[in-house]
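# Per-entry structural report
Residue-level listing of the chains:
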Amino acid sequence: AQCDSFYERAKTEEGLLFYGFCFEEADGDCEVHVRQGFKDAASLLTHLRAIDVPIQAALKLSQLERVEVHGPASELRKVEAEQSALGEAKFQFFESEAEPLRRASPHAGAHGSDTVVSLCHYYD
C-alpha cells in the first residue's frame, strides 16, 4: 500500500522513463530497492519534489541505507547543486562513461548525447 502513493505521483511525470520497487525477503527481514530512470536531471529533481510527502512517511517506517544517482557528469552536477541527500542519506554520485551504448528510443539523441539519470535507493 505504501508503494501506491509513489506510483500515483509518478504516473503524471513526463520525464519519467521507468520506476519500480524490488523486494528481497530473507530470514523475516525485507529489503526494498527503488529503481528509477529519468530523461534528465531536471526530471529527477521534479520527481523528488513530487514525492516529498510519501518519502517522508517511508523514512519514518524504514531505514534508508543509501541513495545512488547515476548519469553523465553534466547532469550529476545539476542534481548535486540542488539536492545531495534524501533524509539523512547523502547521495552517492556515479558518473557514466562519456559515450555509453544506447538503443533507439523516443529519448535517443546523437551518439554521446545521453542525459538519462537514474536514482536507486535502498531501505532496510
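Residues numbered from 1 in each chain as written. Predicted model: local features only at pLDDT ≥ 70, side-chain atom pairs only at ≥ 80, totals over all residues. Heavy atoms only, no water.

### Some words on the side chain of E75
Secondary-structure assignment places E75 in helix 4 (residues 73-82). A polar contact of 2.7 Å, which involves the side chain of E75, links it to the backbone nitrogen of A41. If sequence neighbours within four positions are ignored, E75 has contacts with D40, A41, T115 and V117. (Helix = DSSP H or I, 4+ residues; strand = E, 2+ residues; numbered from the N terminus. Polar contact = N/O pair within 3.5 Å; in protein donor to acceptor, adjacent residues only side chain to side chain. Contact = heavy atoms within 4.5 Å.)

### Brief notes about the packing of aromatic side chains
Counted by the stated rule, this structure contains 3 aromatic pairs. Relative to F21, the ring of Y19 has its centre 5.9 Å away and its plane inclined at 80°; by these criteria the two rings are edge-to-face. For Y19, a relative accessible area of 15% corresponds to the buried category. Take F21: its relative accessible area is 16%, and that puts it in the buried class. Relative to F23, the ring of F21 lies with its centre 6.5 Å away and its plane at 15°, an arrangement referred to as stacked. In this structure F23 comes out as exposed when scored by relative accessible area, which is 51%. One aromatic cluster is present, formed by Y19, F21 and F23 through successive ring pairs. (Phe/Tyr/Trp six-rings, centres within 6.5 Å; stacked < 30°, edge-to-face > 60°. Buried < 20%, exposed > 50% of the residue type's maximum accessible area, 1.4 Å probe, protein only.)

### Some remarks on the pattern of salt bridges
In the structure shown here, the tally under the stated rule is 3 salt bridges. Notably, a salt bridge pairs E82 with R49, separated by 2.6 Å at the nearest N-O pair. In this pair, E82 is assigned in helix 4 and R49 in helix 2 (residues 41-50), connecting sequence segments 33 residues apart. Across this residue pair, the class does not change: E82 and R49 are exposed. (Salt bridge = Lys/Arg side-chain N within 4 Å of Asp/Glu carboxyl O.)

### Notes on helix 3 (residues 52-61)
When we look at burial in helix 3, the residues that qualify are P54, I55 and A58. The arc that holds the buried residues of helix 3, viewed along the axis, is 100°, so those residues lie on one side. Opposite the buried face of helix 3, by more than 90 degrees, sit the exposed residues V53 and K60. (Arc of directions from axis to C-beta.)

### What about the confidence of the model for the protein?
For the protein, mean pLDDT is 82; residues scoring 70 or higher make up 85% of the total. Per-residue pLDDT, averaged within each element of the protein, yields its smallest value for strand 6 (residues 117-123) (74) and its largest for helix 4 (95). (pLDDT = per-residue confidence, 0-100.)

### Looking at a negative patch on the surface
Taken together, E24, D27, D29, E31 and E65 make up a surface patch of like negative charges. By secondary structure assignment, the location of E31 is in strand 2 (residues 29-38). (Patch = residues over 30% accessible without salt bridge, like charges linked within 9 Å, V, L, I, M, F, W, Y side chains within 5 Å. Areas by Shrake-Rupley, 256 points an atom, 1.4 Å probe, with all protein chains shown as cover. Lys, Arg positive; Asp, Glu negative; His and termini not counted. Charge placed at Lys NZ, Arg CZ, Asp CG, Glu CD.)

### Some details on the nonpolar core
In this structure, F6, F21, L44, V67, V69, F91 and L119 are the most contacted members of the largest nonpolar core, which totals 26 residues. With 4 residues, helix 2 is the single largest residue contributor to this core. Residues contacting L44, with those up to four places away along its chain left out, are F38, V69, V79, V117 and L119. (Core = buried A, V, L, I, M, F, W, Y, C linked by side-chain atoms within 4.5 Å.)

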